[in-house]
Amino acid sequence: MDERELLVLGLLMTQSQHGYQINDFIERNLGQVSDMKKATAYSILKRLDKQGCVDVTVEQEGNRPPRQIYSITDRGRELFYDLLRSSLAHAENVTPAGEIGLMFIDHLSRKDAKELLKIKLEKMNQLIEACSSIPSHEEGIGVNLSFRHRLALLECNRTFLIQTIQELENESAV
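Residues numbered from 1 in each chain as written. Predicted model: local features only at pLDDT ≥ 70, side-chain atom pairs only at ≥ 80, totals over all residues. Heavy atoms only, no water.

Draft legend 1. Examining the overall build of the chain more closely. In terms of helices and strands, the chain carries 7 helices and 3 strands. Beginning at the N terminus, the succession of helices and strands in the chain can be written as α-β-α-α-β-β-α-α-α-α. In summary, the chain has a C-alpha radius of gyration of 21 Å against a globular reference of 16 Å for 174 residues, an excess of more than 25%. With the C-alpha coordinates of the chain rotated into their principal frame, the extents come out at 70 × 35 × 30 Å. (Helix = DSSP H or I, 4+ residues; strand = E, 2+ residues; numbered from the N terminus. Rg over C-alpha atoms; globule rule 2.2 N^0.38 Å.)

Draft legend 2. Inspection of the confidence of the model for the chain at higher detail. In this model, the chain carries a mean pLDDT of 87, and residues with pLDDT of at least 70 account for 94%. By mean pLDDT, helix α2 (residues 19–29) is the weakest element of the chain at 78, and helix α4 (residues 74–89) is the strongest at 94. (pLDDT = per-residue confidence, 0-100.)

Draft legend 3. Quick peek at the sheet that holds strand β2 (residues 54–59). With antiparallel pairing, 3 strands are arranged side by side in an open sheet as β1-β3-β2. Only two strands of the sheet have a single neighbouring strand rather than two, namely β1 (17–18) and β2. Where β1 and strand β3 (residues 67–72) come together, 2 bridges link them in antiparallel fashion. For Q17, the partnering residue across the bridge sits in β3 and is Y70. In the packing of helix α1 (residues 3–14) onto the sheet, the strands contacted are β1, β2 and β3, and the crossing angle to β3 comes to about 90°. (Pairing = 2+ DSSP bridges. Contact = heavy atoms within 4.5 Å. Axes fitted to C-alpha atoms, helices over the stretch in contact; angles between N-to-C directions.)

Draft legend 4. How the structure looks around the packing of α1 against α4. With their axes 9 Å apart at the nearest point, α1 and α4 run at an angle of 125° to one another. By the angle class used here, α1 and α4 are oblique. Relative to α4, α1 is oriented so that their crossing is left-handed. Touching E3, E5, L6, L9, G10 and M13 of α1 are G76, R77, L79, F80, Y81, L83, L84 and S87, all from α4. Its residues assigned to classes, the contact of α1 with α4 comprises 8 nonpolar, 3 polar and 3 charged. (Parallel < 35°, antiparallel > 145°, perpendicular 65-115°, else oblique. Left-handed = near helix turned anticlockwise from the far one by under 90°. Nonpolar A, V, L, I, M, F, W, Y, C, P; charged D, E, K, R; others polar.)

Draft legend 5. Expanded view of a nonpolar patch on the surface. A cluster of nonpolar side chains, namely I100, M103 and F104, defines an oily patch on the protein surface of about 340 Å² accessible area. Mapped onto the elements of the fold, I100 is located in helix α5 (residues 99–103). (Patch = residues over 30% accessible without salt bridge, like charges linked within 9 Å, V, L, I, M, F, W, Y side chains within 5 Å. Areas by Shrake-Rupley, 256 points an atom, 1.4 Å probe, with all protein chains shown as cover. Salt bridge = Lys/Arg side-chain N within 4 Å of Asp/Glu carboxyl O.)

Draft legend 6. Main features of the side chain of H18. Mapped onto the elements of the fold, H18 is located in strand β1. When its relative accessible area of 10% is taken as the criterion, H18 is described as buried. A polar side-chain atom of H18 sits 2.9 Å from a polar atom in the side chain of R67. For H18, the contacting residues outside a window of four places in its chain are R67, Q68, I69 and Y70. (Buried < 20%, exposed > 50% of the residue type's maximum accessible area, 1.4 Å probe, protein only. Polar contact = N/O pair within 3.5 Å; in protein donor to acceptor, adjacent residues only side chain to side chain.)

Draft legend 7. Here's a closer look at the nonpolar core. If you look at the biggest cluster of nonpolar residues, it comprises 18 residues, and the most contacted ones within it are V8, L9, L12 and L48. Contributions of two or more residues to this core are made by α1, α2, α3 (38–50), β3 and α4. Of all the elements, α1 adds the most residues to this core, at 5 residues. For L9, the contacting residues outside a window of four places in its chain are L48, C53, V54, I72, G76, L79, F80 and L83. (Core = buried A, V, L, I, M, F, W, Y, C linked by side-chain atoms within 4.5 Å.)

Draft legend 8. Main features of the side chain of Q17. Position of Q17 relative to the elements: it lies in strand β1. A polar side-chain atom of Q17 sits 2.8 Å from the main-chain carbonyl oxygen of L11. Setting aside anything within four residues of it in sequence, one finds Q17 in contact with L11, L12, I22, Q68, I69 and Y70.

Draft legend 9. Region of interest: the pattern of salt bridges. Under the defined criterion, the tally for this structure stands at 9 salt bridges. For the salt bridge of R77 with D74, the shortest nitrogen-to-oxygen distance reads 3.2 Å. Note that R77 and D74 are positioned in helix α4 at a spacing of 3 residues, about one turn of the helix. Taking the relative accessible area as the measure of exposure, R77 reaches 33% and is therefore partly exposed. With a relative accessible area of 58%, D74 lands in the exposed category. Salt bridges sharing partners connect three or more residues here, namely E59, E61, R64 and R67.

This is how it looks when you write it as structure tokens:
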């Protein structure tokens, strides 16, 4: 399932937009939940156009270069709802970044391992602070749920790191 397609179609469900609007919205408002690049969004829009999921019209304003406006079609709405249902019902066993490193932590001294995990904990605290400062979305609950979920995952990782650092400290004290 391609959640990036779901994201683009979801944004078009609210209104027709040109590519820059879509990319700007993702970058400014959804950076904590999506790392989609501009080129990716444009390639998705082209693919959706070929599939008949979006209509493309060209708009000219004054001396500005023409821009393409994307509108979702009935076929695109069907795909959106299929992707949305699939996304909400999907469960995945995701391997978090750093998991492999934990497997080989025994190859470091306990002191080095603790120091590195403390650095990771500080970075985790910064991510939590950034995520906590995101203002509440006014319309509907979906965007807020997504940010709350991200925050809960970060806080869970922080708790794990704190406990692991404490275990390593207790182990060295013995």
